[in-house]
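# Understanding the architecture of this molecule
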Amino acid sequence: MIPMNAFIREPEELIQAQIEAVTRVIRSGWWILGKEVQTFEREWANRTGCSNAVGVGNGMDALEIGLRSLGIGPGDEVITTAMTAFATALAILRAGATPVVADIEPETAILSVDSVARCIGPKTKAVIVVHLYGRSAPLDEFQRLCSSQNLHLIEDCAQAHGARFAGKPVGCFGAFAGWSFYPTKNLGTIGDGGALTTSDSDLAEKARQLRNYGQSIRYHHPLKGLNSRLDEIHAGILLARLPSLDSWIEKRRQIAEAYHQGIKNPHVRLLPLPKDPASHVHHLFAITSPARDRLAAHLQENGIETLIHYPIPIQEQKPMMNLPHDPAGLPAAKKHAAECLSLPCNPFLTDTEIATAISSLNQFKG
Ligand SMILES: *Cc1c(COP(=O)(O)O)cnc(C)c1O
């Protein structure tokens, strides 16, 4: 099978570096909120060009903690995209606020600025943009809209480690950004992990308290917090994996380019490559096809694994029904959910596998 993810193929040196990191943590005798987390937070803040990174339990908690640090909660509305991981919208609900669902651009599947503008009302406090599939959203346009309407701009960077917009790393364009280090992400650990980045030190301090039961100094709890800390073991693993991130992104980019050059089939539509290659880190390589389900079956028969990101738009998930949404409807997200299919695009695919995937795609008769 040509796999969506191939952790099993990772090089021996990387495995050894991770074992050393785990050994270091075990032998340190300090397993929660210690040196590894501090070092990783510093490194991740540097990578994103932000002054603060706060390690938390996972990507969803990063968004919830960030929203709560901004004082967003019951009675407030937060606009986000219909085409994202369920966690984006669930984090808004968990913070006590109401998600308002906006539509996507049909070409790129990225949150539409015009649709967001139509969703703004008196209760709107923030917009969460998602750099879906690893493609940076038009952050300049979102910054303009949010500042003119006095809204917080929030980035969901769970799929965009290493992506840039206008030359600057994503993750520091708004009030804060949420990151996930779930194993399949461009930078992942061997379990759950997350972080938020922000240039606002007060917000970072509040997030540090919220992740640790709302504790300010030991046993003093001014806030009703969560238990959501990045473990020392995961911070150690992330430090071992971080030096590989750029080369992994480069490999993903090469695969994306090979798909773009090789796939020629009227039944398969590719999402356009961006003008600036640095703005896309190809976390997922999604195509669309009106015959999506038959195409997935054809690829499966030819030994090619695929997944669908995402088959059901946010507003059609049971806990999200009856949410406010774009008054013009969400037709682009509905269509994308029915037609999208993600192809294998991980740093450990061989040239032969990529060529096999391309020729199977080209053989599909619709
Ligand atoms: C993975 C993901 C999340 C959630 O991250 P977890 O670490 O699994 O909680 C949130 N948003 C997007 C866009 C994601 O892809």
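Residues numbered from 1 in each chain as written. Predicted model: local features only at pLDDT ≥ 70, side-chain atom pairs only at ≥ 80, totals over all residues. Heavy atoms only, no water.

### So, the overall build of the chain
The test is simple: Numbering goes from the N terminus for both helices and strands, where a helix is a DSSP run of H or I of at least four residues and a strand is a run of E of at least two. Summary of the burial criterion: residues with accessible area below 20% of their type's maximum are buried, those above 50% are exposed, and those between are partly exposed, where the area comes from a 1.4 Å probe applied to protein chains only. By definition, residues are in contact when any of their heavy atoms lie within 4.5 Å. The Shrake-Rupley method, run with a 1.4 Å probe sphere, supplies the accessible areas, and residue values consider only the shown protein chains as cover. Note that His is not counted, nor are the chain ends; the positive residues are Lys and Arg, and the negative ones are Asp and Glu. In this description, the location of a charge corresponds to atom NZ of lysine, CZ of arginine, CG of aspartate or CD of glutamate.
Along the chain, the regular secondary structure elements total twelve helices and twelve strands. Its C-alpha atoms give the chain principal-axis dimensions of about 65 × 55 × 35 Å. Expressed as a percentage of its 366 residues, the buried residues of the chain come to 57%. When contacts within the chain are restricted to residue pairs at least 6 apart in sequence, long-range pairs at least 24 apart make up 72% of them. Of the accessible surface of the chain, which amounts to about 15,600 Å², a share of 53% is contributed by carbon and sulfur atoms. Treating the 35 positive side-chain charges of the chain as one cloud and the 37 negative ones as another, the clouds have centres 2 Å apart.

### Points about the pattern of salt bridges
Put simply, the test is: Within this document, salt bridges are pairs made up of a side-chain nitrogen of Lys or Arg and a carboxyl oxygen of Asp or Glu, the two lying within 4 Å of each other.
Following the criterion strictly, the structure yields 16 salt bridges and no others. Here Arg24 ties to Glu36 by a salt bridge, and the two come within 2.7 Å at their closest N and O atoms. Pair noted here: Arg24 is in helix α1 (residues 12-28) and Glu36 is in helix α2 (residues 35-48), with a separation of twelve residues, a long-range link. Residue Arg24 is classed as partly exposed on the basis of its relative accessible area, which comes to 41%. For Glu36, a relative accessible area of 11% puts it in the buried group. Glu41 serves as the salt-bridge partner of Arg211, at 2.9 Å between the closest nitrogen and oxygen. Note that Arg211 is positioned in the loop between α7 (201-210) and α8 (232-241) and Glu41 in helix α2, a separation of 170 residues in sequence.

### Things to note about the site of the ligand
Rule in force here: By convention in these notes, a residue is near a molecule or strand provided one of its non-hydrogen atoms lies within 4 Å of it. Contacts described as polar in this section are N or O atom pairs within 3.5 Å, which, within protein, must combine one atom able to donate a hydrogen with one able to accept it, while residues neighboring in sequence count only if both atoms come from side chains.
Residues in close proximity to the ligand total 15 residues, the closest being Gly59, Asp156, Gln159, Ser180 and Lys185. Ser180 is positioned such that a nitrogen or oxygen atom in its side chain is 2.6 Å from an oxygen atom of the ligand. For the ligand, the accessible surface in isolation is 390 Å², of which the surrounding protein chains cover 89%. Going through the elements one at a time, α3 (59-69) and α4 (86-94) are the ones with two or more residues in the shell around the ligand.

### Concerning α4
Threshold: To obtain the arc, one takes the directions from the helix axis to the C-beta atoms.
Looking only at α4, the buried set comprises Thr88, Ala89, Ala91 and Ile92. In an axial view of α4, the angular spread of the buried residues amounts to 150°, which keeps them on one side of the axis. Looking one or two places after α4, you find Gly96, whose phi comes out positive at around 95°.

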